[in-house]
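# Structural features, examined
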Amino acid sequence: MLNYLASRLISAIFVIFGVTCLVFLLIHMVPGDPVELMLGESARPADREALRHSLGLDQPVLTQLGQYLSGLMTLDLGTSIHYRLPISELLAQRIPATAQLALVSIVVAIVIAFPLGAIAAVRKGTAWDHTAMGFSMLGVSIPNFWMGPLLILVFSLWLGWFPVSGKEGFLSLVLPAITLGTAMAAILARMVRSTLLEVLNEDYIRTARAKGLSEAQVIRRHGLRNALLPVITLIGLQLGTLLGGAVITETVFSWPGVGQLTIEAIQRRDYPVVQACVLLISLSYVVVNVLTDIIYAVIDPRIRLGEGE
Amino acid sequence: MIGKYFPAFIVCLWAVFALFGSFMGLSPDAIDLSKILHGPDMHSLLGYDDLGRPILDRLIMGAQTSFIVALWVTLISLCIGTFIGAASAYFGGWLDLFVVRIIDVFLAVPGILLAIAFAGIMGPGIENVVIALSIVGWVGFARLARAQVMALKHRDHVQAAVSLGTSSLVIIRRHLLPLISAPLIVEATFSIAGVVIAEAGLSFLGLGVQPPAASWGSMIRDGTAYMLVAPHMVISPGVAMILIVLSVNLLGDRLRDVLDVRGRKR
């Protein structure tokens, strides 16, 4: 158990270090001069030098990386060029909105995916199955930057049920969460279907049926429960895609989260903020997956005894 | 019967429009001020946009953008990813450890986010879109190629080639690549669908091709401002994109069945 935890943590630390380096490289891999890109060609040489110095770009790359890493240790992510505020402060303002959106989107995804996948598995090969999987295929294929505007058109502009954009109360959360949750729901539904099909072939399901449980009880108590574990792992793995999608969804709905901040920072050429946002989103993804792995190892002895994969 | 050939038909249509769109006498940039935001008519079946340009013509030019980007990104990612993954698995040792770590790092960053950041920092333009999406795209192929070569490299015919003194490069190319091509082709198909959406996503954010060039993503973005008066501006590029993505995904599913490749994720 301890071995498993240690190896998981060490590889996570390596990944975090790697992600930090990758994000750090972002600004250094730009062809040309990042300072010129940020300030434009007409900037005065003195201003350029000042920015170059404040970003530490006048020092050797390795020294810069060292400074960046040691800054991270103390949660010092640098200063925003546009807002002239510490980036950690900016992020602190934005994180709750993104966390809220991500959580509700996951709930939406689960609420859609479980019934859809269960119906498809139980009625395998019938029209129910084909319809459910058709919806799932459609859900994967609809990009959120098209679905979002369409939902706004129908439910905000025509029907007037929800606000068009912004963050004012629970109602404003509904459309972004549906937009973001649908794609995940589509992938989850397929997973629920395939794991449930596997589970339903197990001996204990036959036993449950033999002892006279109704089919609904068999599915709910023995089938879905056992199908839950791989599905929850998939939710953890899909979180990255979800957070990536949040960048676009937040832009569509003017949702004041980290994603919108990322895009604003790109448009304003505020690269230290872009770095910090990419880093934050990636780190939260890594941390969540390490936590799910650890929780599973605690819950399910098959995982830790099998020494992982 | 129709359903069976529909995806292939749509994908062929996409390819034809992309390859021959320039010779169809289209006028995607022709501005007709009297037609601003007009709905469909005899001259343009899909109506006009906010500058009075025919949406059908722009849709076809957008097909060209998405086709070129999807093809290039998939080709580049396939070549680089397969090479890195196969070499890593074949040679093993420190190289493999290193490559696995790099793959882990790339998998930890949401792909579209990394592409957005790269495209944003490199600046807009179709070449930069291709580069940004390839930086993200190679990882999936590398992981797949690595896993496949791992499973195959101890087979007898490979060992025989090694003992005959065949060079590693030839072994990988002649004795391993042909065996792992089926899953890679399936993965490439799904990659095309993913890249179509990603390219449109970047263009939607203003990081893709620049005006007046057309992309389905930028068409959707332009349309959102006029949704109430001219919903056709948003609807047609979206429907076109979904048809393509859906068709490519369906073809990928079928290809997987035909080539008998097990599920992508087990």
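Here the structure is shown first, and the text comes after it.
Because the structure is predicted, anything quoted here is derived from the model rather than measured.

### Considerations on the overall build of chain A
For chain A, the helix and strand inventory stands at 13 helices and 0 strands. Going from N to C terminus, chain A has its helices and strands arranged as α-α-α-α-α-α-α-α-α-α-α-α-α.

### Let's talk about the interface of chain B and chain A
Each partner contributes to the interface: chain B provides 33 residues, whereas chain A provides 38 residues. Counting only elements with at least two residues in the side of chain B that touches chain A, the list comes to helix H3 (93–108), helix H4 (111–122), helix H7 (168–204), helix H8 (216–224) and helix H9 (232–259) of chain B. In terms of residue count, H4(B) provides more of the side of chain B that touches chain A than any other element does, 9 residues in total. Considering only residue class, the side of chain B that touches chain A consists of 24 nonpolar, 7 polar and 2 charged.

### So, the environment of A:Gln238
Residues and elements named next belong to chain A. Relative to the assigned elements, Gln238 resides in helix H10 (residues 215–252). Looking at Gln238, the number of C-beta atoms within 10 Å reads 19, which means it is partly exposed. When the C-alpha atoms of Gln238 and Ile266 are compared, they prove to be 25 Å apart, with 28 residues separating the residues in sequence. Setting aside its immediate chain neighbours within four residues, Gln238 contacts Met184 and Ile187.

### Comments concerning H8(B)
Counted residue by residue, H8(B) has 7 buried out of 9 residues, so it is predominantly covered. Buried-residue contacts for H8(B) involve helix H7 (144–158) of chain A together with helix H2 (55–91), H7 and H9 of chain B.

### So, the nonpolar core
Counting 159 residues, the largest nonpolar core has A:Leu188, A:Cys277, A:Val278, B:Ala115, B:Ile116 and B:Val196 as its most contacted members. Excluding anything up to four places from it in sequence, B:Ile116 contacts A:Val247, B:Leu202, B:Leu205 and B:Leu207.

### Quick notes on unusual backbone geometry
In this chain, B:Pro211 is followed by B:Pro212 through a cis amide linkage whose omega measures 5°. With respect to the helices and strands, the residue B:Pro212 is situated in the loop between H7 and H8. Positive phi outside glycine occurs at A:Ser254, with the angle close to 50°. Relative to the assigned elements, A:Ser254 resides in the loop between H10 and helix H11 (258–267). If you check the backbone angles, A:Arg269 has positive phi at about 55° while not being a glycine. With 18 C-beta atoms packed within 10 Å, A:Arg269 lands in the partly exposed category.

Quick notes on the rules
- Residues numbered from 1 in each chain as written.
- Chains lettered and ligands numbered in written order.
- Predicted model: local features only at pLDDT ≥ 70, side-chain atom pairs only at ≥ 80, totals over all residues.
- Helix = DSSP H or I, 4+ residues; strand = E, 2+ residues; numbered from the N terminus.
- Contact = placed C-beta atoms within 7 Å.
- Nonpolar A, V, L, I, M, F, W, Y, C, P; charged D, E, K, R; others polar.
- Buried ≥ 20, exposed ≤ 12 C-beta atoms within 10 Å, placed from the backbone.
- Core = buried A, V, L, I, M, F, W, Y, C linked by C-beta atoms within 7 Å.

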